[in-house]
Amino acid sequence: MPAVSTTLRALALSAIASLSVTGCQALNDAGQAFGRSDLVNDIAARLDRALELTYSADYQISGGQAASIAQTQDPARSAYAWPGGRLTVAAEATTRCETGTARTVCTLLAPPVTTVKPSVALFTEAEQRGLVTPPVVVGLLAEAALDPEAVVAQSGTTLAGHPATCVNVQRSAGDFTACVTTEGVLGSFTGNLDGRPTELALTRYSDTVDGASFELPAGAVVVDRRSAGS
């Protein structure tokens, strides 16, 4: 997916504003029909609201491996961990760590413009390692909303004990299914990212976060590149 710097809310609203209410329709809890734009709006809004939460979530990703997402609001920071690496976004730095070798190396980079809604560009490596992040899902939904040939349908499920709403998207660029819990947390994803089959499913959710999620791994070699503006 191409890197973008637009915030989640702007991205979702842009896609929704340009989408006509046609195509596949579903029923909401009140039994009322609504179209593709409403489905995209609902899921994008839930993911957007989740950025205002403090929570931690564990996932099982492709190959049965584990990954996690954690974020707090005071201070505003987030951490993403996947097999062999992790990314921490905070006001003082964006930290990328390679943990899959004998020597853990963490590189400190300049912090993003906003720690609350970092750009999709930050998550390229996480995506390549199988960790699908909320900004990536919002980008996929925006692309689907702008595709007049895409077919979008809704369903419901329960993930790690939490009710979730799912959207199944069929399109020429690649089908995918994304589920979001009632809290707004990404619950699951199945589809292709950059040509790779990708699966993610929530295994644990908590509204508390262990501060250790944002600390550098013990014994890590730290390379500070913030002064270089990289």
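What counts, and at which threshold
- Residues numbered from 1 in each chain as written.
- Predicted model: local features only at pLDDT ≥ 70, side-chain atom pairs only at ≥ 80, totals over all residues.
- Heavy atoms only, no water.
- Helix = DSSP H or I, 4+ residues; strand = E, 2+ residues; numbered from the N terminus.
- Contact = heavy atoms within 4.5 Å.
- Disulfide = S-S within 2.5 Å.
- Buried < 20%, exposed > 50% of the residue type's maximum accessible area, 1.4 Å probe, protein only.
- Salt bridge = Lys/Arg side-chain N within 4 Å of Asp/Glu carboxyl O.

Draft legend 1. Focus on the environment of Glu-92. Position of Glu-92 relative to the elements: it lies in the loop between β6 (85-89) and β7 (94-98). Between the C-alpha atom of Glu-92 and that of Pro-112, which follows or precedes it by 20 residues, the distance is 9.2 Å. Those residues within four positions of Glu-92 in sequence are excluded, and the remaining contacts are Pro-111 and Arg-226.

Draft legend 2. Focus on the state of the cysteines. Scanning the model with the defined rule gives two disulfides in all. The residue that forms a disulfide with Cys-97 is Cys-106, at a sulfur-sulfur distance of 2.1 Å. Here the S-S torsion is close to 110°, and the disulfide linking Cys-97 with Cys-106 is therefore right-handed. We classify Cys-97 as buried; its relative accessible area is 3%. For Cys-166, the disulfide goes to Cys-179, at an S-S distance of 2.0 Å. In this structure, the disulfide formed by Cys-166 and Cys-179 twists by about 105° around the S-S bond and is classed as right-handed. Of this pair, Cys-166 sits in strand β10 (residues 162-170) while Cys-179 sits in strand β11 (residues 176-181), and the two are 13 residues apart along the sequence.

Draft legend 3. Representation of the pattern of salt bridges. Enumeration over the complete set of coordinates arrives at three salt bridges. With a closest N to O distance of 2.7 Å, Asp-58 and Arg-204 form a salt bridge. Here Asp-58 is found in strand β3 (residues 55-61), whereas its partner Arg-204 is found in strand β13 (residues 196-206), with 146 residues between them in sequence. Residue classification places Asp-58 among the partly exposed positions, given a relative accessible area of 26%. Arg-204 sits in the partly exposed class, given a relative accessible area of 34%. With a closest N to O distance of 3.4 Å, Arg-171 and Glu-143 form a salt bridge. Residue Arg-171 is located in the loop between β10 and β11, and its partner Glu-143 is located in helix α4 (residues 134-145); the two are separated by 28 residues in the primary sequence. Classification of Arg-171 as buried rests on a relative accessible area of 13%.

Draft legend 4. Looking closely at unusual backbone geometry. Going from Asp-74 to Pro-75, the amide bond is cis rather than trans, its omega being 5°. With respect to the helices and strands, Pro-75 occurs in the loop between β4 (66-73) and β5 (76-82).

On their own, these measurements won't tell you what the molecule is for.
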